[in-house]
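# Tertiary structure, described
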Amino acid sequence: MIRCVSPIDGSAYAERETLAPDQGKAAVVRAKVAQPAWAARPLAERIALVQAGVARVGEMNDDIVPELAHQMGRPIRYGGEFGGFNERATYMARIADDAMADITVEDSEHFRRVIKRVPHGVVLVVAPWNYPYMTAINTVAPALIAGNTVMLKHASQTPLVGERMAQAFHDAGLPADVFQNVFLDHQTTSDLIAAKSFGFVNFTGSVSGGQAIEQAAAGTFTGIGLELGGKDPGYVCDDADLDAAVDTLIDGAMFNSGQCCCGIERIYVAEQHFDAFVAKAIEIVNGYVLGNPLDPETTLGPMAHVRFADAVRAQTAEAIAAGATAHIDPARFPQDGGAYLMPQILTNVSHDMRVMREESFGPVVGIMPVKDDAEAIRLMNDSPYGLTASVWTNDVARAEAIGDQIETGTVFMNRADYLDPGLCWTGCKDTGRGGGLSIIGYHNLTRPKSYHLKKA
Ligand code: NAP
């Protein structure tokens, strides 16, 4: 049984029965049987059906927004995820023709030599709760468009999301077995992967979860995409627009109660701007309203689960005990308690503290002064993770030169916390080895097949 405990009040919000191992295997068989006919449909037809499914999700948005608040605590004032969900799916639909096009090396009197892209078969998508629609659609839309059938195993914290997506896609006309929402426990998921059920598995979540998936796939030669955790830095250079930097970086640290894979978790500021940056950051954070996410006034909801809030509390307390300065007065956030976690800004932090090295995934950020680019680059790279980094400067060449030296999947200049569907969403080090969205997303969701045809 999967149980979603609402972070709003700790009540049981939804319960779903997981599939028994035999039911899981049967779902795989249905997906395999359905796949050739799905792949045989014209690309334009697959694109149209996926786009219709996406539009149908949009029609459900008024119901989805409060459902998200109940499941994972995001305030209703932010209006759900349809903007990004639709942007990503629409972009992937638009580039599909080019991304899936044959690469013709030669078509002469004597030879036809061509590389085609063919679907893997059945793709398993394992999705997290923090942006449950947007993270899922990154793979679901291009996988289906590419001619795979898809099984979606969503997070236990957000069990209604997979159901909504399946309902929307089926209403739009996608055959039931082409896109299945499945409730699977970890063991059944691993067993299905180990039994070579899938042509490709895309996992988005924690490092430990990614390791479990990689171990389950060991020796099966199943392709896997792993989009894992991060400890993303922001660096404010001496020539940055300070107001824009502090607004965006603090929003990037605190939005969604800090539960963003590419949320800003640590900030390095050129020393001459340090005091001004910290003062403005404190002012912004003191303006947040922590509370019930169903209240339109709330800007900061509870964390998705009390255990996540407690983990951040422990990291923060440990840093303070080791000498960090906490700048946000708990008296300003009397709602703090349980899953409701007050935001915090820490200075006098160092890389000896877990809060500067381990993923916090909560509304806390440490800020350090740096004397030059070299020190900032060294600190940004002093991390087991490599998802994104956000550099603030008015000099594109400088940002690019710094970017070249940072070990991350994405380098931002003067922005943060955004997935550009035209670019590859990827990471390095413990962030895994995903490669979603963009033309590269299609390449990962298909395999190349070469034709060397000798004419008469
Ligand atoms: P999680 O505990 O790893 O769960 C993510 C998903 O994986 C859930 O569906 C979960 O199922 C499933 N899962 C976990 N362990 C599994 C196992 N051993 N076998 C099968 N399935 C397993 O991560 P989370 O706490 O939900 O998500 C937060 C993490 O995701 C953070 O580290 C965040 O940085 C990362 N994240 C990364 C990206 C990215 O693009 N790089 C995007 C979003 C989030 P259950 O819910 O049923 O346990």
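Residues numbered from 1 in each chain as written. Predicted model: local features only at pLDDT ≥ 70, side-chain atom pairs only at ≥ 80, totals over all residues. Heavy atoms only, no water.

A tally of regular secondary structure across the protein chain gives 14 helices and 19 strands. With respect to the three principal axes, the spread of C-alpha positions in the protein chain is 75 × 55 × 40 Å. A total of 456 residues make up the protein chain; the buried ones form 55% of that total. Put simply, 73% of the contacts in the protein chain that link residues at least 6 apart link residues at least 24 apart. Put simply, the protein chain has 37 plus and 55 minus side-chain charges, and the middle of one group is 10 Å from the middle of the other. (Helix = DSSP H or I, 4+ residues; strand = E, 2+ residues; numbered from the N terminus. Buried < 20%, exposed > 50% of the residue type's maximum accessible area, 1.4 Å probe, protein only. Contact = heavy atoms within 4.5 Å. Lys, Arg positive; Asp, Glu negative; His and termini not counted. Charge placed at Lys NZ, Arg CZ, Asp CG, Glu CD.)

As a further point, take the side chain of Q71. Among the structural elements, Q71 can be located in helix α3 (residues 61-72). Residue classification places Q71 among the buried positions, given a relative accessible area of 1%.

The next subject is unusual backbone geometry. What you tend to see is this: most non-glycine residues have negative phi, and most peptide bonds are trans. Although it is not a glycine, N348 sits at a positive phi angle of roughly 55°. Of note, K429 is a non-glycine position whose phi angle comes to about 55°, a positive value. Tracing the sequence through the fold places K429 in strand β18 (residues 428-429).

This brings us to the sheet that holds strand β11 (residues 264-270). Read from one edge to the other, the open sheet built from seven strands follows the order β12-β13-β14-β11-β10-β16-β17, with strand pairing classed as mixed. A strand with exactly one partner marks an edge of an open sheet, and here the two such strands are β12 (325-326) and β17 (410-413). Contacts from helix α10 (residues 274-286) reach β10 (232-236), β11, β13 (344-347) and β14 (364-370), with the element oriented near 165° to β14. (Pairing = 2+ DSSP bridges. Axes fitted to C-alpha atoms, helices over the stretch in contact; angles between N-to-C directions.)

Of the voids in this model, the largest pocket is the one considered here, and its volume is about 1200 Å³. Broken down by secondary-structure element, the contributors of at least two residues to the lining of the largest pocket are β1 (2-5), α7 (186-194), β8 (200-204), α8 (207-217) and α11 (306-321). Looking at the lining of the largest pocket residue by residue, the classes come out as 21 nonpolar, 17 polar and eight charged. In this structure, the second largest pocket encloses a volume near 560 Å³. Around the second largest pocket, the lining comprises 30 residues; the ones closest to its centre are R88, Y131, M134, D417 and Y418. (1 Å grid on protein atoms, 1.4 Å probe; cavity = no way out; pocket = protein on both sides within 12 Å on 5 of 7 lines; lining within 4 Å. Points joined across faces, edges and corners; volume = space filled by probe spheres on them. Nonpolar A, V, L, I, M, F, W, Y, C, P; charged D, E, K, R; others polar.)

Attention shifts here to the site of the ligand. In the neighbourhood of the ligand, 28 residues make up the surrounding shell, with W129, S156, H186, S206 and E359 lying closest. With respect to the ligand, the side chain of H186 contributes an N or O atom lying 2.7 Å from an oxygen atom. Counting residues per element, the ones that place at least two in the shell around the ligand are α7, β8 and α8. Here the shell around the ligand takes three residues from α8, the largest share from any one element. Each residue belonging to the shell around the ligand can be placed in one class, and the counts come to 13 nonpolar, twelve polar and three charged. (Near = heavy atom within 4 Å. Polar contact = N/O pair within 3.5 Å; in protein donor to acceptor, adjacent residues only side chain to side chain.)

Along the chain, the position of S257 falls in the loop between α9 (242-254) and β11. Classification of S257 as buried rests on a relative accessible area of 3%. Once the C-alpha coordinates of S257 and E359 are considered, the two residues, 102 residues apart in sequence, prove to be 14 Å apart. Contacts of S257, omitting those with residues within four sequence positions, involve L300, G301, P302, M303, F361, G362 and P363. Side-chain polar atoms of S257 contact the backbone oxygen of G301, separated by 2.8 Å.

Before going further, it helps to examine the nonpolar core. Among soluble globular proteins, nonpolar side chains are generally buried collectively. With 52 residues, the main nonpolar core has I137, L144, M165, F169, F179 and Y442 as its most contacted residues. At the level of elements, α1 (21-40), α2 (43-59), α3, α4 (82-99), β5 (122-126), α5 (132-145), β6 (149-153) and α6 (159-171) are the ones that each hand at least two residues to this core. Counting 31 residues, the second-largest nonpolar core is a separate cluster that includes A240, F274, I328 and I367. (Core = buried A, V, L, I, M, F, W, Y, C linked by side-chain atoms within 4.5 Å.)

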